[in-house]
Amino acid sequence: AAFAGGRPKPTALLLPGRARQRLDELAGRLVRHGRTVEVFPADLTREAERDRLIDRAEACGIDLLINNAGAGRFGRFLDSPPGVERDTVMLNVVAVVDLTRRLLPGMLARVRGERRRAGLVIVGSAAGFAPVPMFATYAASKAFDLQFTEALAEELHHEPIDVVALLPGPTRTGFGPRAGWRGAAIPGAGDADDVAADGLAALGRKT
């Protein structure tokens, strides 16, 4: 997940995640572009750590929530450790619902008072359009994310918020190796910066 607050300007970012070193490296690059960045180490599969993150996000007065954290394991379902499959659902489904439900009220209240708009981006996957053997839990979780986002977009269409489901195909990140993919890089895989830019550009557009 990533969060952006409307103040101070330029854009302030709150970046949660488990990999502190990678977060620090990312924060260093973003600071050079003039942004105020706070790194927040957290394991979003754990309720207590989501509680801490939500408290901090509310204190920052966020107006943009990007549910980007995701996990999955490539291989036969029965060959995967039960904890890995459970954590996939906790991160890709439970954390998305929990963060969204608990942060949206404050986001909406803030933007209503200032006559501006909030934003919600939920990062799904092209894998969510159909069952994917050898990636069963991950694909199912991303199908949930897609339907959840589409339903929220309809429920919130009269509210001052833009809701976006971002559904990238194969993308050049560290996700594949962490998921256990040992094959070659997928030809035509997209660039992560381009995917992020597409998601942000979709905010405020009617499709």
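What counts, and at which threshold
- Residues numbered from 1 in each chain as written.
- Predicted model: local features only at pLDDT ≥ 70, side-chain atom pairs only at ≥ 80, totals over all residues.
- Heavy atoms only, no water.
- Helix = DSSP H or I, 4+ residues; strand = E, 2+ residues; numbered from the N terminus.
- Contact = heavy atoms within 4.5 Å.
- Expected span 1.5 Å × (residues − 1).
- Buried < 20%, exposed > 50% of the residue type's maximum accessible area, 1.4 Å probe, protein only.
- Arc of directions from axis to C-beta.
- Pairing = 2+ DSSP bridges.
- Right-handed = clockwise from strand over helix to strand, strands pointing away.
- Phe/Tyr/Trp six-rings, centres within 6.5 Å; stacked < 30°, edge-to-face > 60°.
- Axes fitted to C-alpha atoms, helices over the stretch in contact; angles between N-to-C directions.
- Parallel < 35°, antiparallel > 145°, perpendicular 65-115°, else oblique.
- Left-handed = near helix turned anticlockwise from the far one by under 90°.
- Nonpolar A, V, L, I, M, F, W, Y, C, P; charged D, E, K, R; others polar.

Trainee: Outline the environment of arginine 116, listing residues and values.
Mentor: Within the fold, arginine 116 resides in the loop between helix H3 (82-114) and strand E5 (118-123). The spatial distance from the C-alpha of arginine 116 to the C-alpha of aspartate 63 is 9.5 Å, given a sequence separation of 53 residues. Apart from residues lying up to four places away in sequence, arginine 116 is in contact with Asp63, Val111 and Pro160.

Trainee: Talk me through helix H2 (residues 47-60); I want residue IDs and the actual numbers.
Mentor: Over its 14 residues, H2 runs 20 Å from end to end, which matches the ideal 20 Å to within 8%, given 1.5 Å per residue. Listed in full, the buried residues belonging to H2 are Arg50, Leu53, Ile54 and Ala57. Down the axis, H2 shows its buried residues gathered within 105 degrees of arc, on one side only. More than 90 degrees from the buried face of H2, the exposed residues found are Ala48, Asp55 and Ala59. Taken from the residues just after H2, glycine 61 is the one with a positive phi, measuring 65 degrees.

Trainee: If you had to explain the pairing of E5 to someone new, which residues and values would you point to?
Mentor: By the criterion of burial, E5 is predominantly enclosed, with 6 of the 6 residues buried. Burial along E5 is two-sided: Ala118, Leu120 and Ile122 facing one way and Gly119, Val121 and Val123 facing the other are all buried. As judged from the 4 bridges shared by strand E4 (residues 62-67) and E5, these two strands associate in the parallel manner. Bridge pairing in E5 links leucine 64 to glycine 119. Taken together, the 6 bridges between E5 and strand E6 (residues 161-166) define a ladder with parallel strand orientation. Note that in E6 the partner of leucine 120 across the bridge is valine 163. Handedness of the crossover joining E5 and E6 through helix H4 (residues 136-155) is recorded here as right-handed.

Trainee: Which residues make up unusual backbone geometry, and what values do they have?
Mentor: Despite not being glycine, arginine 115 shows a phi value in the positive range, around 55 degrees. Residue placement: arginine 115 occurs in the loop between H3 and E5. The exposure class assigned to arginine 115 is exposed, which follows from its relative accessible area of 82%. The phi angle at methionine 134 is positive, at roughly 80 degrees, despite the residue not being glycine. Residue classification places methionine 134 among the partly exposed residues on the basis of a relative accessible area of 36%.

Trainee: Can you explain the packing of aromatic side chains? Please cite residues and give values.
Mentor: Under the criterion given, the structure shown has 3 aromatic pairs. A connected cluster of aromatic rings, assembled from ring pairs, spans Phe74, Phe135 and Tyr138.

Trainee: Any chance you could break down the packing of H2 against H3 for me, citing the residues and the numbers?
Mentor: Where H2 contacts H3, the axes come no closer than 11 Å and their chain directions differ by 25 degrees. Viewed along their axes, H2 and H3 adopt a mutual orientation that is roughly parallel. Both H2 and H3 take part in a crossing whose hand is right-handed. Seen from H2, the contacting residues are Arg50, Asp51, Leu53, Ile54, Ala57 and Glu58; seen from H3, they are Met90, Val94, Ala95, Asp98, Leu99, Arg102, Leu103, Gly106 and Arg110. Among the residues making up the contact of H2 with H3, the classes are represented as 8 nonpolar, 1 polar and 6 charged.

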